[in-house]
Structure formats: structure tokens, C-alpha cells
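Read off the chains here:
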Amino acid sequence: MKQAAVDRPTISAWRGHRRLVRATQRTRYRGAIVVGALAVGYAFVGSNSNLFLGTTIFIAAVGAIALNALTGNLGIVSLGQAAFLATGAFTATYLGGTLHWPFLLVLLASGVAAGLVGGIVGVPSLRWRGLYIILGTFALHYIVVYGATKYEINRVGPGGFNLPPAKIFSWTITSQRDWYLFSLVLVALTVACVAKVLRGRTGRAWTAVRDRDLAASITGIDVSRAKVVGFIATSFVVGVAGATSAYFVGNVTTETFTLNLAIQYVAMIIIGGLGSVPGAVVGAAFVVYLPHMITKVVGLLPSSYPLAGWVNTNIFDLEAGLYGVFIILFLLLEPGGLVALAQRVRRYFVSWPFRDRGVIA
Amino acid sequence: MNRKLRQRDLVVLASSASLALFLGACGGGSDDSSNSPSTSGTSSSSSAASGKPYVIAEISDLSGPVGVFDTPPYDGMKAYFDYLNSTGGVNGRPITTKASDAKGDVQTTLASFTQYSGQSDVIAITGLGLDTQMDPLLPKLASTGIAAISSPSSTTSGLPYNKWYFSFGEDYGGDVTATAQYLSEKDSSAKIGYVAFDSPATRSVASNLTKAVAGTGVSVVGKEFLPPTATDASQAISSLVHAGATWIAIGAATDPQFTSILQNAKVQNFDGNILAIAGGGEDSNFKLASTDKYKALRSFHSPSETNLPGVAKMVSEVDGAKPDKYYYSMGWALGEVIAKALTTCGSDCTRAGFRDALETTSFSDPYGLAASAIGFSDTCHQGFRSTFVYGWDGSKPVQEGSIDAYNKPPCGGS
Amino acid sequence: MGTLIGTVAQGVALGAIYSLVAVGFVIIYKATGVFNFAHGQFMVLGAYFAYVSISWVGLPFAAGIAVTLVITGAVGLVVYAALIRPLLGEAIFAPVMITIGLSIVLDSIISITTKGNTYLLPTPVPVHGVSIPGTTTRVSNYSLIAIVVAAVFFVLIASFFRWSGTGRDMRAAAENPHLASYAGVSLGFIFSVAWALAAVAAAIAGIAQASSTLISPDIGSVALRAFPAALLGGLDSVMGAALGGVLIGIIEMLGSQYVGSDTRDVFPYVVLLVALMVRPYGLLGSRQVDRI
């Protein structure tokens, strides 16, 4: 036994390590369960308008989580988010609206369609580095939107496509509460699956590809496969989000899928925190809620305040510009996003009055 | 190290403060209370009218490229309510407004709609006319039981009659009728070159126009669509001119596109006529064109036409900045219709009651702002039926005639 | 045949604007390796500053333009110092994303200060058409002026890079920043000059574009279509920007004439995608070296 203590980690040390890991996981799961329970509980007390907001946030979060995995973990910066959302949405209009396939099947199939497009883009993207990927996905955006516009004009005309109601077996998702619960389940599933994948081998391989892809290929990671599979998988999730959104809104037109939309998603993952799954959710909530928050804050300004008139007249332009300001602020001051910011705030308060010297708590 | 630490401390404190503010703002407003703050522009509730306000909620593109079209009708409507409130309001109650920017996006539109329809003091929704934003909303109007009045444009799928949808705007169907009628009267062998920014709606106008003139001497010889953000119409105009167009019809275009179209018409030495169908009828557009060959369709008189007694009266009653866009008059007129319906509806007006009352607003136009009587009936939900044609006399736009654009039954004659 | 020549001529005129915009991208990329998504907004600022200098302040046309170029150059400097310099050394994603954020903020500022008002550029010579000999095509006289201005500007820029001390330093810094700084080149100074110069190019492009339509916030959208021009020519080649701009202009016009005017928006991006697949470093650009 004595020899073992010197040469190898002991059984008890190993047990201790496992205990620590399980404890961390328990904390993580406990946190998730508490948040989940609160979210479900809110479904029964929230106003319709807030539930609508919640659903919008959850669906956006699904897309944000996928983009975050692609950009934050795999290192592929993509401006093609709107293109993949459009692919999912328009596939849903065809399969659900014209062929009347069942709702869940349409979601899956739309994801597959978006995944296919992701695969088609993924192959040439192997040669692209950094800036060229951004430009390539930028071009992809315009081409997909152009195709979708032509399709819409030829088949349906100005009003866009209308979708039938979403039915799962005998349950029709109609009320705001129904949609809130459904999208909550959807985002919970996405968080669980993506987080698990990113914690495992695939996630580590992706991180290696992101940081030093030549070195990664030397260590045996198939970089091409990782990139293409990454594109396909994340586009699949984005396609599902696009299709869900199509059913939720009930109507699909190409006007929704602007470059600004793609930029909004990139803002979500920057503000939330690149590489962090909960960060993507938080970022989505932030970007979606920002205009409402500004409206509320501005409403609190007394009308006698000298700038109040100016602010009220220009409020919409201010709202539009403010999230650009946040992108800049976060990039300059807190590149880790809200997640890192939260950790830093926690450390500050925990170790106050001692200054944080940068030592990990 | 010290400087960096201070910077980080500042970031931490600033973010904690913002978080506190955020939570405070978050908890502060609850949607169903009738004390929700206005989201845009405080509308005055003056001393003359007291009592619980009637609330009209506007959802439209108040910023961005279309903002220049959607903001004047809202301003005009608000101004009318302000004037009315200063003379006692309606049934002793003031009329106030709230607004939300749809940003050209269906999801934002729906979110605002859900929010406003959840507020019990909101009695009707205005704004919203583009097909893309209104069509998904049409079924929800019925299921929520709230009336929507579109301005300054409207959706064809809600016309001529949809129980909860009212149009106080220009719809593309009316545009086509007006254009076809005007051209067949003015120039029976007109060759139309159609140019507009590319959208499903403008494409549908182009094809409907082609159908509407089929069999007459008028024909459509070319259709050109510009990408919505493009500012250069050189190739489009050059093609239309080469195709032999004698009339260039501008379907819908942003300001820079208008200018580019007009400039390129000069470059190509185009000596035919130019007709602006939707938009392009503001005084500034006429000044830019500076030719008596430029005609525009306007559904209402511009507030700058103070030689007309009704317009002068309106302008004198406006409190604050003087308006100059003709969509402002459209908003003022809409305010009149709404106020009339509220009067009929009574001081305990419900949403359903208001909807019914709208249909009883008998037709009139006290300020003489429109080309025809304004109002709604129980068979026709198009609020105004005709449109003016304006030309240029060298120094200002002048009215040259009017067309019954929405004249098919049930809205108009045979 | 006449139509073909005419269309190509129109393409060259359009291409002149594209090359002016593209060279702005190239200057910044060549010097700092960053792609500036806010370039379109610089164009709009330049156009509005020109209007203010000429119509409100009352300066004569040439002086007004000169003042505008100086002011816009200063804006470029400020943007560099405040937003780009802190991020030097980070992955390409960070400064590019910050320029995207900047473009959103500038759009909002422009919208608030101009209230969406559009103005005619007060040009000394009125707009009229000029016939292209041998065809029935007419182009605006300002398109021809734009071509001349672009050509002059390119000659100036090329000579600057070739013969002036700062220009040589910039080329050295682009090749190998470390060696250049050891040789005494101040990288900070180089980067600032690059951003100022690019902003000036943007202002010229904005004024040129505004001369054919209105001074409006929409002018900046040309920048989005100039990306393919910059890439096609080679992101680090100034002459490539000229070539790419003209080629994209011609392709766009040909597509518009022979395929349909609504395809104008999409052809440049198809070209961009094809170029990325076949020759990512562009026609005149230098190959990228993979470093481990």
C-alpha cells in the first residue's frame, strides 16, 4: 500500500476526485433544476405578453446556442444565421403548409434541410480562414435570401406563407402558455444535448480545431470532418429554430431574414459569452428584451426632465443603436460576455473588501 | 496593475448598478395595468378633458426607410386628438395614444400586438398596413376581439370587408385601379414602364396592372425592380426608355431611388411623363422633378395647401411643429373618424362596441382633406374612396383631378 | 452590339464607385489585417459633411470637399484609436465584430441627427446625360466625373505607397510587422494613417455616389456590394481594388441587362462565393502563408 501511495494515485484519491466531480455536477444540475422549475412555474402566473416574450427568447436561444457552438467552440465565425433560419422556415412552409406533414416531423425535416445547406457550405469553407469565412457566410446570406424571395414570389405573392396550427398528436399549441411551455422544453433539450456534446470528446476536438488547427490535425483530429460535421449539426439546430418560429408566428416572409438578424445573433453570443451554452441563452434574453427594457426605463423618466422630449422622439433609433453600443462595450471591456461579467461581480462581492488580485476563488 | 484593477472595479460596479436598474424596471411595469407608460411621444392630456382616457395603440415602422411614410399619419392623428382634448375630449374623456416601432419585422409586430391587446385600456390598433405585417395579424384580430385600422397603407387580403379590419390607407389594389383609370383617360395609347423597389407587393401591382389594362390601348412595356437598398436606377430607366415607354410609373420607391429615377430620366433625355403611384407626391418630390410632366397620386391634400379653407383650419388647430407631408392630413382625418366612432360608442366604450361604432361613422369630410367622403360602412371597410392627381405649375403642386380608386361595389358605384 | 458596349460602359461607371469603396477596405486590411464593416457609414458621413460644408456653412464646392475629407479622415483616426487599437493582437473576429457594432451605432447616430432628411448634393454642374459614341446608351456626366476622380485617386494612392516614406513603411509593416518595428517604423502611426486614408477614400466614394442620387443614409449600402469587389481584386492589393471594382460593376450591369434587373443584388455575391472557392486571395492579392 505504501508503495502504491508513492507510485500511483490511490483508490481513495480517485474516489475523492470522483466525489468532487459528482458534487460539481450536482451543483450544476441543481442550479439547472431550480431555474427550470422557476421557468415552468412562470408559465402559470405570467401575463400573455410576457409569455410571448419568453417564447421568443427561448426560440432565439436555440439558434444562439447553435451559433455559439459553431463560433465559440469550433471557431467558425458565421454571418449565415439568417440564411439557415430562412431555410428552416421555408422548408417548414412547404412540408407543413403544402404537404401537411405532422408538426414534429416538419421540425426535424426542416432541420435536416438546413443541415444539408450547412454541409454544402461546410465543404468549401474548409479552405477559408478567419475573415474569409465571414465573407463567405455573408455572401451565402444574400444568395439564400434571394432564392427564398424568388420562391415566395412565384408561389404565394406578397402575403408570404401561412402555416397551419402546430399539433402534437391531439394537443394543438395555441395559447401563449402552450407555446411558452413547448419552447421551454425545446430549449432545455437543446441546452442539455449541446452541453453534453461540448463537454465530451467532440467538444474538446472542436476547441483544438479552433485554437490550433494545424497542431490538432497532427495529433490525429480530423479537422475537415470536425468542421463539416460542425456546420451540419449547428445548421440543423438553427433550422429547427427557424421552423419553430415559423409555426409560432404563423406566417413566413423573406423580409424577416435580414443581415441585421444574423448580426443580432452574433451580438447574442458575444454579449452572453462566447463558448458558453448558458451564456448563449442569457445573451438571447438580453438582446430580445433590450428594446422593452429601454422603453420601460425611458418611461420612468419624468416628463419634466430636459432631455425627455428628445429621447421620446428618437426612442426607436436609440433602441436600434443601443445594442451596437453593447457589442462595442462588451468587446472592449468584457470579452467573456455576461457570463464572465457575472463571475467577476461575484468574485468582487465575495472577496470584498479585499481587492481581487486575479487569483481564482 | 492598479489602473487595470480600478477599471475592472468600475466595470463591476457599473454592471451591478445596471442590473439593479434592470430588475427595478422589470418589476416596475406590469402589462395589464392601465398605468403603462407611453412608449413614444407623450401625448398631452390637457385640463379640459378629464376622466379615464381612451387609448389608441399604434404599431408601424416608425424608424428606418419606411419611417418617413409611417410617422406623419401617426403625428396627424395624435395632433387631432390633442386638439380635441383641449376642447373637452370625447364624452368627457381624453383620447391618448401609445406607439411601438414594428421595424418592418413580423415578430416585433406580433409581440407589440400581444402586448397591446393584453392591456385592457387599449380600444383599437392603428398603423400597420404592409401585407407582410398585417396578414398574420388578421386572424388574431378576430380571436382577440380588437379592431385594427391600417394607415397609410393597407393589405389587400383584408378588403373589401373583414369584420375586424378597417383600411384608412392606400392599398395596392386601389393603386392599380387608379393608375389604369387615369392613364386610359389621359393617354389611351400609353406605354407604361413600371419601376419600383423589389418586393412581393410591388411585383403583384405590376402584374395586376398588366392584367387591368389588357384589352385597352394602354400597355405595359417594361417592368424593372430595384433592390430595396439600391440607390442607382440608371440601368432600370435606360431599359424602360429603350423599350419605348411613354409613361414611367413609379410603384413604390425610397427617396434616393426617386431621385435617381428622376435624374436618370433627364440623363436619358426621356420626354414622356412620369407618374408616381404610391408615395412620391410630397412637395419636395415635385420640386425635384420640376417639370409639368411629373404627376403624382395623392389621397389627401397636403398641409401646405393653406389656400384651401379646410386645410388652413386644420393647420391653425395644430399645436406645435407645422406639418408638411400629405400623410399628415390622412392621420388627421383618421383621428376624426375615430373620435366620431368613440362619440357614438359612448363613455363605456368596449372594443366590440367601438368596432360596431366604426361602421356607423356616416360619411363626411368636414375639413375637406380627402378627394371623397371618409368613413366606414357595414359593407365597406375602406375609409376613403378616391385619390387626387397632382401636377406641377412651376412653383407648387396643383390638383389636376381626382380618380375613384376604390369604386367597385360594395364601396362605390357600379 | 451597341447595347453590349453601352452596358459595359455603364458597368465601368458603376465600377468606379465600387473601386473607390473597395480601396478603402484594402487600405485598412493591408495595413492592419482588419475588415471594416462600418465603411458604408463613413461614406454617408462624408456625404452629409459635404452638404453641411457647402450648403450650410457656405463654402465653395472645392473647399467644402476638402474640409469634408479632413473631417472624415479625423473620424477614421478616432475610430481607430478608440475601437481598434485596444483590440490589436486579438483574433480577427474581435475587431471585425466591433466594426459591425460601430456600423449599427453610426447608423443610429446618422438617423437621429439627420432625421432621415435627404438632400441634393449642391454640385457646380447640373446633371445631364452624355451619349456613348456608337451606342444608344447614355450615361450621366457625373458617372464620367466619378471615373476620372477614381482614376486620379488611384494614381495618387499608388504613388503614395510606392514613393513616399510613409507608404513604404506601410508596405513593410504589412509584410512583416515585427521586422518593420525593429527597423524603426511606428506601427501605431502606420495604422492611424491607414484608417484616416481609408475614411478619406470612403468620403470621396460617398460624395461620388451622392452626386448620382441624393445624400441619404442609403448611400452606405453600396459598401455591402463592394465587398465582392475588394475580395475579387485581392484584399491586400490596391490595384486589385480598382480591377475588382470595375469587373464587379460590369458583371452586375451585364446581369441586370441580360438576366433581369432584380438579379443585380445577387450577382456580386455569387462572384464572391466563386472567388472564395476558386481563388480566395483574389486576382492580384498575395497568397496566405499558413503559420503553425
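Note that the structure is predicted; figures quoted are calculated from it, not measured.

(A) Structural detail: the interface of chain C and chain B. Taken together, the contacts link 30 residues of chain C with 24 residues of chain B. Here chain C meets chain B over a buried area of about 2200 Å², counting both sides, of which 46% is carbon and sulfur. Applying the counting rule to chain C against chain B returns 0 salt bridges. On inspection of chain C and its partner chain B, the count reaches 3 residue pairs in polar contact (both at pLDDT 80 or more).

(B) Spotlight on a positive patch on the surface. Residue and element names in this part refer to chain A. Together, R15, R18, R19, R22, R26 and R30 line one region of the surface with positive charge. If you trace the backbone, R19 turns up in helix 2 (residues 11-45). The class for R19 is exposed, based on a relative accessible area of 53%.

(C) View of the interface of chain C and chain A. Each side of the interface is counted separately: chain C has 41 residues, and chain A has 39 residues. The contact between chain C and chain A buries some 3600 Å² in all, and 81% of this surface belongs to carbon and sulfur atoms. The three residues of chain C that bury the most area against chain A are F93, I104 and I112 of chain C, which together make up 17% of that side's buried surface. Across the contact surface, chain C and chain A share 0 salt bridges. Remark: the boundary between chain C and chain A carries 0 residue pairs in polar contact (both at pLDDT 80 or more). Where the side of chain C that touches chain A is concerned, the elements lending two or more residues are helix 3 (61-84), helix 4 (93-114), helix 9 (221-233) and helix 11 (267-278) of chain C. Of all the elements, helix 4 of chain C adds the most residues to the side of chain C that touches chain A, at 13 residues. In the side of chain C that touches chain A, the residues fall into 33 nonpolar, 5 polar and 3 charged.

(D) Geometry of helix 10 (residues 238-258) of chain C. Residues and elements named next belong to chain C. Between the first and last C-alpha of helix 10 there are 30 Å, a value that for 21 residues agrees with the 30 Å anticipated at 1.5 Å per step. Capping of helix 10 at its N-terminal end is provided by S237; its side-chain oxygen lies 2.7 Å from the backbone amide nitrogen of G240. Phi turns positive, to about 155°, at G260, one or two residues after helix 10.

(E) View of the pattern of salt bridges. Residues and elements named next belong to chain B. Evaluated as defined, the whole model comprises 10 salt bridges over all chains. The closest approach of N and O atoms between E400 and K295, which form a salt bridge, is 3.2 Å. Here E400 is found in strand 14 (residues 397-403), whereas its partner K295 is found in strand 12 (residues 294-298), with 105 residues between them in sequence. The exposure class of E400 is partly exposed, given its relative accessible area of 40%. Among the residues examined, K295 registers a relative accessible area of 6% and is labelled buried. Residue D324 pairs with K325 through a salt bridge whose shortest N-O separation is 4.0 Å. Overall, the relative accessible area of 46% leaves D324 in the partly exposed class. Via salt bridges that share partners, D283, R298 and E305 belong to a single interconnected network.

(F) A look at the confidence of the model for chain A. All names here are of chain A. Of the residues in chain A, 93% have a pLDDT of 70 or more, and the chain-wide mean is 84. Considering each helix and strand of chain A separately, the mean pLDDT is smallest for helix 1 (residues 2-7), with a value of 48, and largest for helix 4 (residues 81-98), with 92. Low pLDDT, under 50, characterises residues 1-5; the stretch is placed with 1 contact to residues that sit more than four places away or in other chains.

(G) Seen up close, unusual backbone geometry. Cis rather than trans, the peptide bond between S151 of chain B and P152 of chain B has omega equal to 0°. When you line up the elements, P152 of chain B lands in the loop between strand 4 (147-150) and strand 5 (153-154). Unusually for a residue other than glycine, H100 of chain A sits at a positive phi of about 55°. Structurally, H100 of chain A can be placed in the loop between helix 4 and helix 5 (103-125). Residue classification places H100 of chain A among the exposed residues on the basis of a relative accessible area of 57%. Backbone geometry places N91 of chain B, a non-glycine residue, at a positive phi of 50°. Position of N91 of chain B among the secondary structure elements: in the loop between helix 2 (67-86) and strand 2 (95-101).

(H) Quick look at the pairing of strand 11 (residues 273-276) of chain B. All names here are of chain B. As judged from the 4 bridges shared by strand 10 (residues 247-250) and strand 11, these two strands associate in the parallel manner. Directly across from I250, in strand 11, lies its bridge partner A276. Note that the unit made of strand 10, helix 9 (residues 255-267) and strand 11 has a crossover that is right-handed. Relative to strand 12, strand 11 is paired through 3 bridges, and the arrangement is parallel. Following the sheet pairing, A276 is matched in strand 12 by A296.

(I) Local environment of the packing of aromatic side chains. Taken as a whole, this structure holds 43 aromatic pairs over all chains when the rule is applied. The cationic tip of R93 of chain B hangs over the ring face of Y54 of chain B; the distance from NZ or CZ to the ring centre is 3.9 Å.

(J) Looking closely at a nonpolar patch on the surface. A surface patch of nonpolar side chains, about 390 Å² in accessible area, is lined by M239, L243, L247, L283 and L284 of chain C. You can see L283 of chain C is positioned in the segment after helix 11.

(K) Summary view of the sheet that holds strand 13 (residues 387-392) of chain B. Residue and element names in this part refer to chain B. Pairing within the open sheet is mixed, and its 7 strands lie in the order 9-8-10-11-12-13-14. Of all the strands in the sheet, just strand 9 (219-226) and strand 14 have a single pairing partner and so form its edges. In this sheet, neighbouring strand axes are inclined to one another by 25° on average, regardless of whether the strands run parallel or antiparallel. On the sheet, helix 6 (residues 172-186) packs against strand 8 (191-197), strand 10, strand 11, strand 12, strand 13 and strand 14 and is oriented at approximately 100° with respect to strand 14. Sheet strands in contact with helix 9 are strand 8, strand 9, strand 10, strand 11 and strand 12, and its direction is about 170° off that of strand 11.

(L) Quick look at the side chain of T114 of chain B. Within the secondary structure, T114 of chain B is located in helix 3 (residues 106-117). Within the local environment of T114 of chain B, its side chain forms a polar contact with the backbone oxygen of L110 of chain B, the two atoms lying 2.7 Å apart. Excluding anything up to four places from it in sequence, T114 of chain B contacts N48, S49, F52 and Q176 of chain A.

(M) Highlighting the pairing of strand 4 of chain B. All names here are of chain B. Where burial is concerned, the two faces of strand 4 agree: the one with A147 and I149 and the one with A148 and S150 are both buried. Bridge analysis of strand 3 (residues 122-127) against strand 4 gives 4 bridges, and the strand direction is parallel. Within strand 4, the residue paired with T126 across the bridge is I149. Pairing analysis gives 3 bridges linking strand 4 to strand 6 (residues 165-167), with the strands arranged parallel. Its bridge partner being in strand 6, S150 is matched across the sheet by S167.

What counts and how
- Residues numbered from 1 in each chain as written.
- Chains lettered and ligands numbered in written order.
- Predicted model: local features only at pLDDT ≥ 70, side-chain atom pairs only at ≥ 80, totals over all residues.
- Heavy atoms only, no water.
- Contact = heavy atoms within 4.5 Å.
- Buried area = accessible area lost by both parts, 1.4 Å probe.
- Salt bridge = Lys/Arg side-chain N within 4 Å of Asp/Glu carboxyl O.
- Polar contact = N/O pair within 3.5 Å; in protein donor to acceptor, adjacent residues only side chain to side chain.
- Patch = residues over 30% accessible without salt bridge, like charges linked within 9 Å, V, L, I, M, F, W, Y side chains within 5 Å.
- Areas by Shrake-Rupley, 256 points an atom, 1.4 Å probe, with all protein chains shown as cover.
- Lys, Arg positive; Asp, Glu negative; His and termini not counted.
- Charge placed at Lys NZ, Arg CZ, Asp CG, Glu CD.
- Helix = DSSP H or I, 4+ residues; strand = E, 2+ residues; numbered from the N terminus.
- Buried < 20%, exposed > 50% of the residue type's maximum accessible area, 1.4 Å probe, protein only.
- Nonpolar A, V, L, I, M, F, W, Y, C, P; charged D, E, K, R; others polar.
- Expected span 1.5 Å × (residues − 1).
- pLDDT = per-residue confidence, 0-100.
- Pairing = 2+ DSSP bridges.
- Right-handed = clockwise from strand over helix to strand, strands pointing away.
- Phe/Tyr/Trp six-rings, centres within 6.5 Å; stacked < 30°, edge-to-face > 60°.
- Lys NZ or Arg CZ within 6 Å of the ring centre and 35° of its normal.
- Axes fitted to C-alpha atoms, helices over the stretch in contact; angles between N-to-C directions.

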